[in-house]
Amino acid sequence: MKAVVFNEHGGVDKLRYEDIEDAPGPGSHEVKIRVRGCGVNHLDIWVREGMRGLDIPMPHILGSEVTGEIVEAGKSALGFKVGQRVMVTPGISCRRCRHCLSGNDSQCEEFQIVGYQTQGGYAEFITVSATNVLSISDAWSLEEWAAVPLVFLTAWHMLLKRGGLKPGEDVLIHAAGSGIGSAAVQIAKLCGARVITTVGSREKIEKAKKLGADDVINYREQDFSEAVKKLTGGKGVELVFEHIGQETWEKSLRSLAKGGRMAICGVTGGPTGTVDIPFLFLRQLSIHGSYMGGRNELLDAIRLIEQGKLRPVVDTVFPLKDAALAQKKMAERKFFGKLVLRP
Ligand code: ZN
């Protein structure tokens, strides 16, 4: 089969579009899927570059957001049939421990992400456990559905479960144009919050408003923390949705109202930050780390996507062979929503 693989960590030039051995199986509890869409994530870039402590077999196939059609189901993979439209749920966990059984899959000791610790969807075929497969409707195309699993799950878990967002609250969501930002703006608006978001160019302001943002700050023209203060009458926001890290960290904390919460799930703008400790306790702020989420939360998000109350936002669909171009575009932040590969 055709796939995009890398044999060693490094820049986008390490990605190779090649003929490799076909995806295996399926084993009795697995299904084999013909990939029709695969979302591109910052995670892909970090895995390709080689994060600290990362030890994966080579060659590696990236890709955590996979949709397609079943081509073969194992003997014990009951309820699946050839041709069925499916989405791969990106989280792999033991399904037996107390974390899994309480819907906190991503706290499982055995937790892994498809395409990160295992082979992913930058390929014509993928074989996964049947427990990681969800049937999806034709409400959206398979390419659009590929813009859903990782970002909607991560944004949902972070806003609602970790961040505890409530109707009527003010929330600051960084980067409406990012995959996760475009999901978060919609979820927060649907939840009844007042959504303040940031973008890095004028063209993105209208797009952010169309998604449901109440106020949009161009962070290249304005100090976002001062703009937030002005928009909230000096109070600040109850929740900051952080996924940038170093570049925004201190100003994000300064944007919080007394008693405010900050949830963080990523560091696309650098991995370190400092905390003014007295500022933290005098204002009774809290910081919540957030990582992916539970399968039950993905199902909740999917229901609203089926109903059209939330929608996948696809910027560009690239042929699989252009995966390196897609990753380059992502690193340059020149997109709005999701970049999707089509094998
Ligand atoms: Zn578990």
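Coordinates for the structure precede this section.
Each residue is numbered by its place in its chain's sequence as written, counting from 1. For a predicted model such as this one, the threshold for reporting local features is a pLDDT of at least 70, and the threshold for listing and counting side-chain atom pairs is 80 or more; totals across whole chains, interfaces and linings nevertheless cover every residue. Computation of side-chain values covers all heavy atoms of the structure but excludes hydrogens and water.

Draft legend 1. Local environment of the coordination of the zinc ion. Because water is not among the atoms used, a metal site may look incomplete, as its donors are only the N, O and S atoms within 2.8 Å, or 3.2 Å for Na, K and Ca. In the first shell of the zinc ion, the protein supplies C94 (SG), C97 (SG), C100 (SG) and C108 (SG), at 2.3 to 2.4 Å from the metal. Donor angles set the geometry label: tetrahedral for four donors if every angle is between 85 and 135 degrees, square planar for four and octahedral for six if opposite donors exceed 155 degrees and the others are between 65 and 115, irregular for anything else. Because the angles between the four donor atoms bound to the zinc ion fall within 105 to 115°, the donor set is best described as tetrahedral. On the primary sequence, the residues serving as donors to the zinc ion are separated as C-x2-C-x2-C-x7-C. Accessibility expressed as a relative area gives 11% for C100, which makes it buried. When accessible area is computed with a 1.4 Å probe and restricted to protein chains, residues below 20% of their type maximum are described as buried, those above 50% as exposed, and intermediate ones as partly exposed.

Draft legend 2. Representation of the sheet that holds strand β10 (residues 170-173). Two strands qualify as a pair provided DSSP detects at least 2 bridges between them. Note on conventions: DSSP H or I runs of at least 4 residues are helices, E runs of at least 2 residues are strands, and numbering of each starts at the N terminus. One open sheet accounts for six strands, arranged β12-β11-β10-β13-β14-β15; its pairing is parallel. In the strand order of this sheet, the two ends are held by β12 (215-218) and β15 (286-289), each with one partner. Across this sheet, the average inter-strand angle for adjacent strands is 20°, counted without regard to direction. Contact between two residues is taken to exist if any of their heavy atoms lie within 4.5 Å; hydrogens are not considered. Throughout, an axis means a line fitted to C-alpha atoms (over the contacting stretch in the case of helices), and angles, computed between N-to-C directions, take values from 0 to 180 degrees. Along the sheet, helix α4 (residues 149-162) makes contact with β10, β13 (237-242), β14 (256-264) and β15, crossing β13 at roughly 155°. Packing of helix α6 (residues 203-211) onto the sheet brings it into contact with β11 (194-199) and β12, and relative to β11 it is tilted by some 155°.

Draft legend 3. View of helix α5 (residues 179-190). To estimate the expected span of a helix, subtract one from its residue number and multiply by 1.5 Å. The end-to-end C-alpha distance of α5, which contains twelve residues, comes to 17 Å, matching closely the 16 Å that a straight helix rising 1.5 Å per residue would cover. Most of α5 is tucked away, with ten of its twelve residues classed as buried. Listed in full, the buried residues belonging to α5 are G179, I180, G181, S182, A183, A184, V185, Q186, I187 and A188. Where the residues of α5 are buried, they touch α4, β10, β11, α6, β13 and β17 (338-342). Count one or two residues on from α5 and you reach G192, which has phi positive near 100°.

Draft legend 4. Highlighting α4. Its 14 residues place the ends of α4 18 Å apart at the C-alpha level, agreeing with the 20 Å of an ideal helix rising 1.5 Å per residue. Of all the 14 residues making up α4, eleven are buried; the element is thus mostly covered by neighbouring parts of the structure. Inspection of α4 places P149, L150, V151, F152, L153, T154, A155, W156, H157, M158 and L159 among the buried residues, and these make up the whole buried set. A positive backbone phi angle near 60° is found at G164, which sits one or two residues after α4.

Draft legend 5. Geometry of the pairing of β10. Judged by which residues are buried, β10 turns out to be covered on both faces: D170 and L172 on one side and V171 and I173 on the other are all buried. One ladder, built from four bridges, connects β10 with β11; its direction is parallel. Residue pairing across strands places L172 opposite I196, the latter belonging to β11. On the question of chirality, the crossover connecting β10 to the parallel β11 by way of α5 is right-handed. Summarising the sheet, β10 and β13 pair through three bridges and their orientation is parallel. Residue pairing across strands places I173 opposite F241, the latter belonging to β13. Throughout, right-handed denotes a crossover for which the path from the first strand over the helix to the second runs clockwise when the strands point away from the viewer.

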